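These are the residues of each chain, in order.
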Amino acid sequence: MSLSISTRNYRLSLIYSVGTRTSLYWPYMYHYVTHTLDLTATQFGVLKAIYYLTVVLCEIPFGVIADRVSRKATLLVGALAYAAGCLLYGLASGFTTLVAAEVSFGFGTALASGAGSALLFDSLRSDGRSDQYARYEGRCRAAALLSTTLALPATGLWLVRGDDPVLAYWVTGALSAAAALAAALLLEPLREPRGTAVEIGRESLRELMENSGVRQLIFFGAGIFVWMRAANSLLFNPIMNAGAVPLSWWGTSMAAVGLIAAAVAWRTDYSLQRFGERRTCLAMLVLSLAMYWAWGATHSPAVAVIFCLNGLTVGALPVVVQSGINRRVASSRQRATILSVESAISRASYGLAALAVGSLLDSTTLTVALVATLAIGCVPLMLGALDARLTARRS
């Protein structure tokens, strides 16, 4: 008995999600760059900004390619780009090679972000199951988070040699190569006739101009994304150092965040059904603010426990935003493109934050960096609130 296209693609999407999102090096990025390779915090911030600039420049063109040519092909190339980034990090001895690695990571993210969500949604829609998207997207996210959670303690024990976590990059690259194989086995679901690149771009622009719900979700997602991603990458190592948390505990602490995120991602569809999208978004906002306040007020190893609050947002945010946008987008012809716009705006916001906060970590205190991160994240949130107010007045 053959599998339906939605079941087949969902199972392969699980493998792809695990392969491309299980970043075993994640707790050690800042440490690897600033201690193992002896670069500065400012250079680390520049590297992160290069990654996000690459994503921002490539997201929309690659989203158009996914809608115009093949979502399956963009996912395949994206996984290979992730693997190449890991290879370059493992071979790096200086800043230039790391720049090439971050550009490769940026290509991978831009290729995969809109295409993966669009392919899964249209696969479910082709079998009359699009209303179940949040559940299956949550499961894909949860599987990746759970695999990371299970692997990070082992990474700290076996893949970190003294001050050198390079083996974590090698193993992560191998997982990305496995994801490329899963992408090669995906099937393209039937969808509306594909337009030209110009038509897709024009329709996407019209959708964004006319659909206030999509715009407001994009702004909300960008603001929370800044706080969430800064906590996980740029601020993680400095906060752990400030709280005197031993390096050997870092992987386990990140694993706890991942375990919570996996559980939340698995059940975000329930939260959306039980409490609705608006209340779920409000909960993420309040929890993020509480987390940053607690970090500013705590100067002990308890900061590692506070990081667990970030797991709630890490698990819920992508599911809430992507399911909301998929539900609101009128046509599958531009679905990947609009999802890529969302990703580009979120990452552009964080790219600016990475430059500013990385410099502040070198020149001022951690408290100032925390306040600056909060301020930058508030900008898209305020734009979304203003958009909602103007839309309400026009109606």
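See the structure shown above.
Source: prediction; values computed, not measured.

Rules used in this analysis
- Residues numbered from 1 in each chain as written.
- Predicted model: local features only at pLDDT ≥ 70, side-chain atom pairs only at ≥ 80, totals over all residues.
- Heavy atoms only, no water.
- Helix = DSSP H or I, 4+ residues; strand = E, 2+ residues; numbered from the N terminus.
- Expected span 1.5 Å × (residues − 1).
- Buried < 20%, exposed > 50% of the residue type's maximum accessible area, 1.4 Å probe, protein only.
- Contact = heavy atoms within 4.5 Å.
- Polar contact = N/O pair within 3.5 Å; in protein donor to acceptor, adjacent residues only side chain to side chain.
- Disulfide = S-S within 2.5 Å.
- Arc of directions from axis to C-beta.
- Axes fitted to C-alpha atoms, helices over the stretch in contact; angles between N-to-C directions.
- Parallel < 35°, antiparallel > 145°, perpendicular 65-115°, else oblique.
- Left-handed = near helix turned anticlockwise from the far one by under 90°.
- Salt bridge = Lys/Arg side-chain N within 4 Å of Asp/Glu carboxyl O.

*Asks:* Explain helix 4 (residues 71–91) to me, please; I cannot follow it from the model alone.
*Replies:* Along an α-helix, residues three or four positions apart point the same way, because every turn accommodates 3.6 residues. With 21 residues, helix 4 should reach 30 Å at 1.5 Å per residue; the first-to-last C-alpha distance of 31 Å fits that figure. Taken residue by residue, helix 4 has R71, T74, L75, G78, A79, A81, Y82, A83, G85, C86, Y89 and G90 as its buried positions. Where helix 4 is buried, its residues meet helix 1 (5–21), helix 2 (29–36), helix 3 (41–68), helix 5 (95–126), helix 7 (166–184) and helix 14 (335–363). Capping of helix 4 at its N-terminal end is provided by S70; its side-chain oxygen lies 3.3 Å from the backbone amide nitrogen of K72.

*Asks:* Just to check I follow, could you spell out the state of the cysteines for this structure?
*Replies:* Every disulfide links exactly two cysteines, by a covalent bond between their sulfur atoms. Tallied over the full model, the rule gives zero disulfides. C281 takes part in no disulfide bond, and the closest cysteine sulfur, belonging to C378, lies 16 Å away.

*Asks:* Would you mind showing me how to read helix 7 here?
*Replies:* Its 19 residues place the ends of helix 7 28 Å apart at the C-alpha level, agreeing with the 27 Å of an ideal helix rising 1.5 Å per residue. Within helix 7 the residues assigned to the buried category are V166, A168, Y169, T172, G173, S176, A179, A180, A182 and A183. Angularly, the buried residues of helix 7 cover 160° about the axis, an arc narrow enough to put them on a single face. At its buried positions, helix 7 is contacted by helix 1, helix 2, helix 4 and helix 6 (133–159).

*Asks:* When you look at the packing of helix 9 (residues 212–234) against helix 15 (residues 366–394) in this model, what are you seeing that I'm missing?
*Replies:* Two elements in contact, helix 9 and helix 15, have axes whose closest approach is 8 Å; the angle formed by their N-to-C orientations is 165°. The pairing of helix 9 with helix 15 is recorded here as roughly antiparallel in orientation. Considering how the two elements wind past one another, helix 9 and helix 15 form a crossing that is left-handed.

*Asks:* In this structure, what is going on with the pattern of salt bridges? I would like to understand it.
*Replies:* Opposite charge on two side chains makes pairing possible when the charged atoms of those side chains draw close. On inspection of all chains with the given rule, the structure shows twelve salt bridges. Linking R335 and D122 is a salt bridge whose minimum nitrogen-to-oxygen distance equals 3.2 Å. Taken together, the positions of R335 in helix 14 and D122 in helix 5 put the pair 213 residues apart, joining distant regions of the chain. As far as burial versus exposure is concerned, R335 and D122 are alike and both buried. A salt bridge links D387 to R215; the shortest N-O distance between them is 2.6 Å. Placement of the pair is D387 in helix 15 and R215 in helix 9, with a sequence separation of 172 residues. For the pair shown, D387 and R215 are each scored as buried. A single salt-bridge network, built from bridges that share partners, covers D67, R71, D122, R125 and R335.

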